[in-house]
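Per-entry structural report
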Amino acid sequence: MFALEKFLAPLLFPLSLVLMGLGAGLGLLWFSRWQWAGKAVVTVAAVVLVVAGHGWTANALLAPLEQGQVTFAPRGEMPPEAHNIRWVVVLGGGVGGDEHLPPTECLSDASLRRLVEGIRLHRLLPAARLVTSGGAVFTPRPAGAVMRDAACALGVSPERIAIQPVGRNTVEEVAAVAGLVGQDPFLLVTSAAHMPRALEACRKQGLHALPAPTDFQAAGSDGVWTPGDIYPSGAGLHQSERAMYEYLGRLRQRLR
């Protein structure tokens, strides 16, 4: 079931829907008499591609997921309730499997940003341990192990790192973390768009997680824009797909 979900979910991403629509429309145009239907399907697919690839659409999808979240201790001053924290938990966000590259090169953009933020918070809490989480999904090494090696390469002492090399998705990762942290409060580091889903999984496990979001993707409302914001882009399409991934993940998690 897990593998089936991983292969079927991308079919609901904007680019996949557009390509299927274009394929169906071209098939109607070339191999049927339903010319009007083919033109309509191709037109709709093209409109969806333009809309999904625009930054405004991506922001509209990501903003509700990131709404109200702020960076934990952005100026390096820990709030009073954080001084007794013993764990800084970093959830995995994808890794590569090339063992010939340094571990920092094997992290996805999301994993790298999460790890860097986890290390920053870890250094502000001398008594806490850094927890790198995540199992092996489509790579030979668990994500937690790769992130542990990357943290060591960035100067974290191995003795201050705890690894949880299990969990193929958010629910399984949080369940593994629960066996380590118990009822202790801990900082939960993950992407801002992923944080609502991660906190929901923590609540179901009865964990005391303090959100420490990073990897913010939605553009701020500071009024600053560039000419490139007018046009659709591959980056906008990627962000729209990232938002759809989170919405599908939340739906799947609630259905379970």
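Attention now moves to the overall build of the protein. Looking only at helices and strands, the protein features nine helices and five strands. Reading the protein from its N end, one meets helices and strands in the order α-α-α-α-β-α-β-α-β-α-β-α-β-α. A principal-axis box enclosing the C-alpha atoms of the protein has dimensions of 70 × 45 × 40 Å. The buried share of the protein, reckoned over its 256 residues, is 42%. Of the contacts made within the protein by residues no fewer than 6 positions apart, 72% connect residues no fewer than 24 positions apart. For the protein, the exposed area adds up to about 13,600 Å²; of that, 63% sits on carbon and sulfur atoms.

Moving on to empty space enclosed by the protein. Sizing a probe to match a water molecule and rolling it over the atoms shows the empty space that remains. Applying the stated criterion to the full structure yields one cavity of 30 Å³ or more. Of the pockets and cavities examined, the largest cavity occupies roughly 60 Å³. The set of elements that each furnish at least two residues to the lining of the largest cavity consists of α7 (170–181) and α9 (234–255). Here the residues of the lining of the largest cavity sort into one nonpolar, four polar and three charged.

Roughly 1,100 Å³ of volume is contained in the largest pocket. If you trace the largest pocket, you find 42 residues lining it, with K6, G92, G93, G94 and Y245 closest to the centre. Of all the elements in the fold, those that place two or more residues in the lining of the largest pocket are α1 (2–8), α5 (109–124), α7 and α9. Residue contributions to the lining of the largest pocket peak at six residues, all from α9. Looking at the lining of the largest pocket residue by residue, the classes come out as twelve nonpolar, 15 polar and 15 charged.

As a rule of thumb, soluble globular proteins bury nonpolar side chains together. If you look at the biggest cluster of nonpolar residues, it comprises 27 residues, and the most contacted ones within it are F72, M78, V88, L115, L121, L130 and L187. Among the secondary structure elements, those contributing two or more residues to this core are β1 (87–90), α5, α6 (143–153), β4 (186–191) and β5 (209–214). Top contributing element to this core by residue count: α6, with five residues.

What follows deals with α5. With 16 residues, α5 should cover 22 Å at 1.5 Å per step; its first-to-last C-alpha distance of 23 Å lies within 8% of that length. When we look at burial in α5, the residues that qualify are A110, S111, R114, L115, E117, G118, I119, L121 and H122. Residues of α5 that are buried make contact with β1, β2 (129–133), α6, β4, β5 and α9.

Our focus in this paragraph is the sheet that holds β5. In spatial order, the strands read β3-β2-β1-β4-β5; together these five strands make up an open sheet with parallel pairing. Either end of the sheet is taken by a strand with one partner, and the two such strands are β3 (161–164) and β5. In this sheet, neighbouring strand axes are inclined to one another by 25 degrees on average, regardless of whether the strands run parallel or antiparallel. Pairing analysis gives four bridges linking β1 to β2, with the strands arranged parallel. Bridge pairing links V88 to L130 in β2.

Before going further, it helps to examine the environment of Q183. Mapping Q183 onto the fold places it in the loop between α7 and β4. Classification of Q183 as exposed rests on a relative accessible area of 61%. For the pair Q183 and L207, spaced 24 residues apart in the sequence, the C-alpha separation amounts to 6.1 Å. Contact partners of Q183, with chain neighbours within four places excluded, come to G206 and H208.

Moving on: the environment of W56. The residue W56 is located in helix α4 (residues 55–66) in this model. Along the primary structure W56 and S240 are separated by 184 residues, whereas in three dimensions their C-alpha atoms are 9.7 Å apart.

Calculation criteria
Residues numbered from 1 in each chain as written. Predicted model: local features only at pLDDT ≥ 70, side-chain atom pairs only at ≥ 80, totals over all residues. Heavy atoms only, no water. Helix = DSSP H or I, 4+ residues; strand = E, 2+ residues; numbered from the N terminus. Buried < 20%, exposed > 50% of the residue type's maximum accessible area, 1.4 Å probe, protein only. Contact = heavy atoms within 4.5 Å. Areas by Shrake-Rupley, 256 points an atom, 1.4 Å probe, with all protein chains shown as cover. 1 Å grid on protein atoms, 1.4 Å probe; cavity = no way out; pocket = protein on both sides within 12 Å on 5 of 7 lines; lining within 4 Å. Points joined across faces, edges and corners; volume = space filled by probe spheres on them. Nonpolar A, V, L, I, M, F, W, Y, C, P; charged D, E, K, R; others polar. Core = buried A, V, L, I, M, F, W, Y, C linked by side-chain atoms within 4.5 Å. Expected span 1.5 Å × (residues − 1). Pairing = 2+ DSSP bridges. Axes fitted to C-alpha atoms, helices over the stretch in contact; angles between N-to-C directions.

Function cannot be read off these values alone, since they describe shape.
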